[in-house]
Amino acid sequence: MKIAIIGIGSVGSAVATAVKNTGLVHEIVLFDRDGVRARAAAEDLGHAATFGFDVKITAVNNYRGIRGSDIVIISAGANQKPGQTRTDLLQNNADVIRDIVPKVMANVDPKRVILILVTNPLDVMVMLAQSLSKLPPSRVIGTGTMLDSARLRTILSRQLSVSPQSVHSYVLGEHGDSSVIDWSSVTVGGLSLDDFCRQTKNPLTAATRSTIEYRVHNAAYEIIRGRGATWDGIGAAVADLLRSIVNDEHRILTVSTVNGTGSHVLAMSLPRVVGENGVIATLNPKMSAAEVNALRRSGRIIQKNFSHL
Ligand code: NAD
């Protein structure tokens, strides 16, 4: 399995590290328009690889070097500076995707390649990449709210004093400020959230829920304030997504892919079954009327941003 990563900044490097540590790929090629940066990253990662799985890691000077890649991960583009929203990156990063996707597509097998999008604003970039690549929507996958769902899971598990592995909870919609916490579908050890709280005599008050919502929605802003950017969480999320694809695991992940046609086309995160052919199925989770309305609003925001391109 050969994979290519385009854009070797903080996120691309973290993705390369996390993917290397899965042991699932034999070759990783790195491309960045800043060739010096990509070569330095390949050197450093190559040294790291001697301590773990035998993975060949090289930097390439042009897109011919990505030939033979089964999966291409796009993590190039501007990141948020303190105080910026993801939507503030729209025009700049749309130009980056317009530059990259045609060059990628000229050097991969369109019948089998899978594109993984990480660049923000994520959902709009998925829509743009899918339309430029002309690949089936099932093979143009954005990490979407995987990270937001992981943040929710972590915060909830600490609040409930159980392992995150026993909590199933989803953040849906835009990977951005309008994302929606689907409280209605949360289960803990197979119980609904309310039943779990009742049985453990650990009630989750409305105030606590709104604090959790605030922390999930603001997690990236807090991390960016503290360390300038976010990279470890998204690196792990991409590796997790890659694992489900490479091993054909059929895991249910909140990734973003394009659904619909014409003026109804939209990419946003819903729980989706992911395997070797990409997204295999999309689920409609249990939601309250208020959550459905919030999800629709989130979809309208993504479509509006896409219409500005
Ligand atoms: P960074 O500035 O550290 O690195 C970006 C890299 O992209 C740079 O090395 C730059 O040279 C390269 N690049 C820019 N334009 C390019 C082009 N046309 N071709 C090839 N390379 C190009 O930024 P970062 O912190 O690594 O973030 C990268 C992207 O990932 C941002 O858009 C950020 O918002 C996004 N991100 C997404 C998530 C998520 O959950 N989806 C999480 C964190 C960051």
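Report on the accompanying structure. (Residues numbered from 1 in each chain as written. Predicted model: local features only at pLDDT ≥ 70, side-chain atom pairs only at ≥ 80, totals over all residues. Heavy atoms only, no water.)

### A word on the overall build of the protein chain
Then, number 1: In terms of helices and strands, the protein chain carries nine helices and 14 strands.
Then, number 2: Over its C-alpha atoms the protein chain spans a radius of gyration of 19 Å, differing by no more than 12% from the 19 Å that the globule rule assigns to 309 residues.
Then, number 3: C-alpha extents for the protein chain along the principal axes are approximately 60 × 50 × 40 Å.
Then, number 4: When the 309 residues of the protein chain are sorted by exposure, 51% land in the buried category.
Then, number 5: Counting contacts in the protein chain only where the partners sit at least 6 residues apart, residues at least 24 apart contribute 70% of the total.
Then, number 6: Total accessible area on the protein chain stands at roughly 13,800 Å², and carbon and sulfur atoms take up 52% of it.
Then, number 7: Taken as two groups, the 33 positive and 26 negative side-chain charges of the protein chain have centres that lie 2 Å from each other. (Helix = DSSP H or I, 4+ residues; strand = E, 2+ residues; numbered from the N terminus. Rg over C-alpha atoms; globule rule 2.2 N^0.38 Å. Buried < 20%, exposed > 50% of the residue type's maximum accessible area, 1.4 Å probe, protein only. Contact = heavy atoms within 4.5 Å. Areas by Shrake-Rupley, 256 points an atom, 1.4 Å probe, with all protein chains shown as cover. Lys, Arg positive; Asp, Glu negative; His and termini not counted. Charge placed at Lys NZ, Arg CZ, Asp CG, Glu CD.)

### So, the site of the ligand
Then, number 1: Around the ligand, the surrounding shell holds 27 residues, and the nearest of these are Val 11, Asp 32, Ala 78, Asn 79 and Asp 99.
Then, number 2: Residue Thr 143 places a side-chain N or O atom 3.4 Å away from a nitrogen atom belonging to the ligand.
Then, number 3: Calculation on the ligand without its partners gives an accessible area of 870 Å², and the protein chains cover 91% of this total.
Then, number 4: Elements supplying a minimum of two residues to the shell around the ligand: helix H1 (10-20) and helix H3 (90-105).
Then, number 5: Split into classes, the residues belonging to the shell around the ligand amount to 11 nonpolar, 12 polar and four charged. (Near = heavy atom within 4 Å. Polar contact = N/O pair within 3.5 Å; in protein donor to acceptor, adjacent residues only side chain to side chain. Nonpolar A, V, L, I, M, F, W, Y, C, P; charged D, E, K, R; others polar.)

### Topic: the nonpolar core
Then, number 1: Of all hydrophobic cores here, the largest spans 41 residues; its most connected members are Ile 6, Ile 66, Val 72, Ile 97, Ile 100, Val 104 and Leu 117.
Then, number 2: Looking at this core, the elements with two or more residues in it are strand S1 (2-6), strand S2 (27-31), strand S4 (71-74), H3, strand S5 (114-117), helix H4 (122-133), strand S13 (266-275) and helix H9 (289-307).
Then, number 3: The element that contributes the greatest number of residues to this core is H3, accounting for eight residues.
Then, number 4: Once you skip the residues sitting within four places of it in the chain, Ile 97 turns out to touch Ile 74, Pro 102, Leu 117, Thr 119, Met 125, Leu 128, Ala 129 and Leu 132.
Then, number 5: In terms of nonpolar packing, the next biggest core, distinct from the first, is built from 37 residues, Val 11, Val 15, Leu 45 and Met 146 among them. (Core = buried A, V, L, I, M, F, W, Y, C linked by side-chain atoms within 4.5 Å.)

### Focus on H9
Then, number 1: The terminal C-alpha atoms of H9, which comprises 19 residues, lie 27 Å apart, in line with the 27 Å expected from a rise of 1.5 Å per residue.
Then, number 2: In the core, the buried residues of H9 are packed alongside H3, H4, strand S8 (171-172), strand S9 (180-181) and S13. (Expected span 1.5 Å × (residues − 1).)

### Here's the deal with the pairing of strand S12 (residues 251-259)
Then, number 1: Bridge analysis of S12 against S13 gives nine bridges, and the strand direction is antiparallel. Looking at the pairing, Val 255 lines up with Leu 270 of S13.
Then, number 2: Linking two consecutive strands that pair antiparallel, namely S12 and S13, is a turn of six residues; a positive phi of about 85° is found at Gly 260 within it. (Pairing = 2+ DSSP bridges.)

### Looking at the environment of Thr 254
Then, number 1: Secondary-structure assignment places Thr 254 in strand S12.
Then, number 2: Since its relative accessible area comes to 3%, Thr 254 is described here as buried.
Then, number 3: It is 26 Å that separates the C-alpha atoms of Thr 254 and Gly 226, two residues lying 28 residues apart in sequence.
Then, number 4: Apart from residues no more than four positions distant in its own chain, Thr 254 is found in contact with Thr 143, Gly 144, Thr 145, Met 146, Ser 149, Tyr 170, Val 171, Leu 172, Ser 269, Leu 270 and Pro 271.

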